[in-house]
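Structure assessment
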Amino acid sequence: VYLTVTNAGDAPDAIVGVESPRAQDAALHATMDHDGHVMMSPQPSLDVPAGATVRLAPGGTHVMLARATSPIAVGDTVPLVLR
């Protein structure tokens, strides 16, 4: 899942977990190039600095959904709870 998060506040924040009713498991992941091999790695959190916008996008940090409770297609809107 790709999304944009904006922290309009004056204090830094962080996403420390994610849930979705469309999947049994959801987690933050980062895509990394390791010696020419693309790998994904779970991330425990994602910093969202004060006054900043953070984009979760292809080739970078994203939300990985596992064991979908119903089919999910490209372009679908998926409800998330960010912790």
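Heads up: these notes are all about the structure in this document. As the structure is a computational prediction, the values presented were derived from the model and not from experiment.

The next subject is the sheet that holds strand 4 (residues 23-34). Strand pairing in a sheet relies on backbone hydrogen bonds, with the paired strands running either antiparallel or parallel. A sheet is described by the order of its strands in space; here three strands give the open sequence 5-4-8, paired in antiparallel fashion. On the outer flanks of this sheet lie strand 5 (37-42) and strand 8 (61-68), each paired with one strand and no other. Strand-to-strand twist in this sheet, taken as the mean axis angle between neighbours without regard to direction, amounts to 40 degrees. In this structure, strand 4 lies alongside strand 5, joined through six bridges in antiparallel fashion. Bridge pairing in strand 5 places Ala30 opposite Ser41.

Looking at where Leu3 falls in the secondary structure, it is placed in strand 1 (residues 3-6). Apart from residues lying up to four places away in sequence, Leu3 is in contact with Val54, Arg55, Leu56, Val63, Leu80 and Leu82.

With that settled, the discussion passes to the nonpolar core. Leu3, Val5, Ile15, Val18, Leu28, Leu46, Val48, Val54, Leu56 and Val63 together form the largest nonpolar core, which totals ten residues. Put simply, the parts of the chain that give this core at least two residues each are strand 1, strand 6 (46-48) and strand 7 (53-56).

Turning our attention to the pattern of salt bridges. Under the criterion given, the structure shown has two salt bridges. Across the salt bridge formed by Arg83 and Glu19, the nearest N and O atoms sit 3.1 Å from each other. In this pair, Arg83 sits in the segment after strand 9 (81-82) while Glu19 sits in strand 3 (residues 18-19), placing the two residues 64 residues apart along the sequence. The shortest N-O distance in the salt bridge between Arg67 and Asp25 comes to 2.7 Å. Here the residue Arg67 occupies a position in strand 8, and Asp25 occupies one in strand 4, the gap between them amounting to 42 residues.

Calculation notes
- Residues numbered from 1 in each chain as written.
- Predicted model: local features only at pLDDT ≥ 70, side-chain atom pairs only at ≥ 80, totals over all residues.
- Heavy atoms only, no water.
- Pairing = 2+ DSSP bridges.
- Helix = DSSP H or I, 4+ residues; strand = E, 2+ residues; numbered from the N terminus.
- Axes fitted to C-alpha atoms, helices over the stretch in contact; angles between N-to-C directions.
- Contact = heavy atoms within 4.5 Å.
- Core = buried A, V, L, I, M, F, W, Y, C linked by side-chain atoms within 4.5 Å.
- Buried < 20%, exposed > 50% of the residue type's maximum accessible area, 1.4 Å probe, protein only.
- Salt bridge = Lys/Arg side-chain N within 4 Å of Asp/Glu carboxyl O.

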